[in-house]
Amino acid sequence: MEKLGPSSEVSPGSLRGFTVGGKKILVANIGGAFHAMDAVCSHMQGDLTRGRLEGNVVTCPRHGSRFDVTTGKVVGNVSFLVKTATGKVATDLKTYRVTVQDGSLFVDL
Ligand code: FES
């Protein structure tokens, strides 16, 4: 398990990025429960830590793909125009188990 930092740094309804083991991951706090997922969009490497979090869903700031941070699944893909222009769509991202111990966040990579 890798230590990320104080759980108080990720308040309910927000997300934060961490780099751990050479990976960029995001941790979201959904109603007091912490969830971790890859922070790099599977479409064209958008930085999901700069995306908007609404409920369980983060929206990529580049082309608007939407991911459920609790499952890593794509819940809204790029538009037909973006797909045509880039030749790619977003695919599901990996999630990681997060635990809190003594006020610190830990992740299993
Ligand atoms: S890079 Fe995320 S939707 Fe294109």
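Description of the structure in this document. (Residues numbered from 1 in each chain as written. Predicted model: local features only at pLDDT ≥ 70, side-chain atom pairs only at ≥ 80, totals over all residues. Heavy atoms only, no water.)

This part is about the sheet that holds strand 1 (residues 2-6). One open sheet holds the six strands; their spatial order is 1-10-9-4-3-2, and the pairing between them is antiparallel. The sheet is open, and its two borders are formed by strand 1 and strand 2 (15-20), each paired with just one other strand. The sheet shows a mean angle of 30° between the axes of neighbouring strands, direction not considered. (Pairing = 2+ DSSP bridges. Helix = DSSP H or I, 4+ residues; strand = E, 2+ residues; numbered from the N terminus. Axes fitted to C-alpha atoms, helices over the stretch in contact; angles between N-to-C directions.)

So, on to the sheet that holds strand 8 (residues 74-76). Taken together, the four strands give an open sheet; going across it, the order is 5-6-7-8, and neighbouring strands pair in antiparallel fashion. With one partner strand each, in any of the chains shown, strand 5 (52-54) and strand 8 form the two edges of the open sheet. Strand-to-strand twist in this sheet, taken as the mean axis angle between neighbours without regard to direction, amounts to 30°. When strand 7 (residues 66-68) meets strand 8, the two strands line up antiparallel, connected through two bridges.

Checked against the element boundaries, Asp-68 lands in strand 7. We note that Asp-68 is buried and unpaired, the nearest opposite charge coming from Arg-66 at a distance of 9.6 Å. Those residues within four positions of Asp-68 in sequence are excluded, and the remaining contacts are Met-37, Asn-56, Lys-73 and Val-75. (Buried < 20%, exposed > 50% of the residue type's maximum accessible area, 1.4 Å probe, protein only. Lys, Arg positive; Asp, Glu negative; His and termini not counted. Salt bridge = Lys/Arg side-chain N within 4 Å of Asp/Glu carboxyl O. Contact = heavy atoms within 4.5 Å.)

Here we take up the side chain of Thr-59. Looking at the element boundaries, Thr-59 is found in strand 6 (residues 57-59). Excluding residues within four positions of it along the chain, Thr-59 makes contact with Gly-51, Arg-52, Glu-54, Gly-64, Ser-65 and Arg-66.

On to the environment of Leu-26, then. With respect to the helices and strands, Leu-26 occurs in strand 3 (residues 23-30). A residue is classified by how much of its surface remains accessible, and Leu-26, at 0% relative accessible area, is buried. In the structure, Leu-26 is positioned 69 residues away from Thr-95 in sequence and 9.4 Å away in space, judged by C-alpha atoms. Aside from chain neighbours lying at most four places away, what touches Leu-26 is Arg-16, Gly-17, His-35, Ala-36, Met-37, Asp-38, Ala-39, Leu-48, Thr-49 and Val-69.

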